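One-letter residues, chain by chain:
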Amino acid sequence: MRVLLVEDDALLGDGVKAGLKQAGFAVDWTHDGQAAKLALETEEYALIVLDLGLPKLSGTELLKWLRASHSKVPVLVLTARDTVADRVAGLNAGADDYLIKPFDLDELIARLNALLRRSAGQVTLTLQHGDIELTPSTHHVSKNGQTVELSAREFTLLHELLLHVGRVQSREQLEQHLYGWGEEVESNSVEVHIHHLRKKLGTELIRTLRGVGYVIDKDGYSKPLSKS
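Residues numbered from 1 in each chain as written. Predicted model: local features only at pLDDT ≥ 70, side-chain atom pairs only at ≥ 80, totals over all residues. Heavy atoms only, no water.

Across the sheet, which stays open at both edges, the 4 strands sit in the order β6-β7-β8-β9 with antiparallel pairing between neighbours. The two strands at the open ends of the sheet, each matched to only one other strand, are β6 (127–129) and β9 (146–147). Where helix α6 (residues 152–163) meets the sheet, it contacts β6, β7 (132–135) and β8 (140–143), and its direction lies at approximately 105° from that of β7. (Pairing = 2+ DSSP bridges. Helix = DSSP H or I, 4+ residues; strand = E, 2+ residues; numbered from the N terminus. Contact = heavy atoms within 4.5 Å. Axes fitted to C-alpha atoms, helices over the stretch in contact; angles between N-to-C directions.)

Structure (structure tokens):
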């Protein structure tokens, strides 16, 4: 999942970015509100982690602008402001969750996974499709009850496709979930990861629409495909 991190504290931002990347997120990091606004005008994100005390444009003003733009992207606010009034103001401005500094990185990741579930209309902790189960909080995947080892990007790709079963996603859309700013996009990376997922989970799981993209069908598995 691609996350926009908006945090002006260099030490904290560096730690959060590293932790989120280790948890399988692709992270873009901006240090002020104006840069974040520009990113949101030009990129698509699954989640936003937002500090309120930002230079150039405050987190609260950025949040109000985002919601006025009718964006539904989930926003988790990180802030040192710990009064009830501050929390209420952040939630009323459009935040979906609130975490007070200092915080535990594992809690942040758990809350982000919860926001992803809610935004996708998922109420359970595990995504299931046929005999395949994926648990985001533990990065665990199984087929017929047997654990399947996936790389971080294979897991992210499978997670994205399972969150949006029945919706075709282009290679470019999937790449956005795999890579953050400054990360080199490997040639044919999506195709390679799809190939590996089919080898590990079955060739019938992911369907290719030539020239369009990839999809996991809603009703059962796709028809077997030739390798691609």
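From this point, the narrative continues.
Of the consecutive residues Lys101 and Pro102, the connecting peptide bond is found in the cis state with omega at -10°. The phi dihedral of His70 falls on the positive side, at around 65°, and the residue is not glycine. Looking at the secondary structure, you find His70 in the loop between α3 (59–68) and β4 (75–79). A relative accessible area of 69% means that His70 is categorised as exposed. With a phi close to 55°, Asn144 is a non-glycine residue in the positive phi region. Judged by relative accessible area, Asn144 falls into the exposed class, the value being 56%. (Buried < 20%, exposed > 50% of the residue type's maximum accessible area, 1.4 Å probe, protein only.)

Before going further, it helps to examine the pattern of salt bridges. Applying the stated criterion across every chain yields a total of 14 salt bridges. A salt bridge links Glu43 to Arg2, with the shortest nitrogen-to-oxygen separation between them at 3.2 Å. Taken as a pair, Glu43 in the loop between α2 (33–42) and β3 (47–51) and Arg2 in strand β1 (residues 2–6) lie far apart in primary sequence, 41 residues in all. A residue is classified by how much of its surface remains accessible, and Glu43, at 24% relative accessible area, is partly exposed. Classification of Arg2 by relative accessible area gives buried; the value is 5%. The salt bridge involving Asp32 is made with Lys56; its shortest N-O contact spans 3.9 Å. In this pair, Asp32 is assigned in the loop between β2 (26–30) and α2 and Lys56 in the loop between β3 and α3, connecting sequence segments 24 residues apart. Taking relative accessible area as the criterion, Lys56 reaches 68% and is therefore assigned exposed. Taken together, the shared-partner salt bridges in this structure form one network comprising Arg2, Asp28 and Glu43. (Salt bridge = Lys/Arg side-chain N within 4 Å of Asp/Glu carboxyl O.)

Further remarks concern the confidence of the model for the protein chain. With 90% of its residues at a pLDDT of 70 or more, the protein chain shows a mean pLDDT of 84. Per-element confidence in the protein chain is highest for β3, whose mean pLDDT is 94, and lowest for helix α4 (residues 84–93), whose mean pLDDT is 76. Considering only residues more than four positions removed or in separate chains, one finds that residues 221–228, a stretch of pLDDT under 50, has 26 contacts. (pLDDT = per-residue confidence, 0-100.)

On to the nonpolar core. Most often, soluble globular proteins keep nonpolar side chains buried together rather than apart. One finds Leu20, Phe25, Leu108, Leu112, Val141 and Leu158 to be the most contacted residues of the largest nonpolar core, which totals 44 residues. With 6 residues, the single largest contributor to this core is α6. Leu20 has contacts with Val3, Phe25, Val27, Leu108, Ile109 and Leu112, leaving out every residue within four places of it along the chain. Core analysis: the next-biggest nonpolar cluster, separate from the first, contains 19 residues, Leu4, Val6, Leu63 and Leu66 among them. (Core = buried A, V, L, I, M, F, W, Y, C linked by side-chain atoms within 4.5 Å.)

Contact geometry for helix α7 (residues 171–178) and helix α8 (residues 189–201): axes closest at 9 Å, N-to-C directions at 85°. Classified by the interaxial angle, the pair formed by α7 and α8 is roughly perpendicular. Facing Arg171, Leu174, Glu175 and Leu178 of α7, the residues of α8 in contact are Ser189, Val190, Glu191 and His193. For the contact of α7 with α8, a count of residues per class yields 3 nonpolar, 2 polar and 3 charged. (Parallel < 35°, antiparallel > 145°, perpendicular 65-115°, else oblique. Nonpolar A, V, L, I, M, F, W, Y, C, P; charged D, E, K, R; others polar.)

Next up on the list: the pairing of β8. Bridge count between β7 and β8: 4 bridges; the pairing is antiparallel. Paired with Leu134 across the two strands is Val141, which belongs to β8. Connecting the antiparallel pair β7 and β8 is a turn made up of 4 residues, with His139 showing a positive phi of about 55°. Here β8 runs beside β9; their pairing, made up of 2 bridges, is antiparallel. Each bridged residue has a counterpart across the sheet, and for Lys143 the counterpart in β9 is Gln146.

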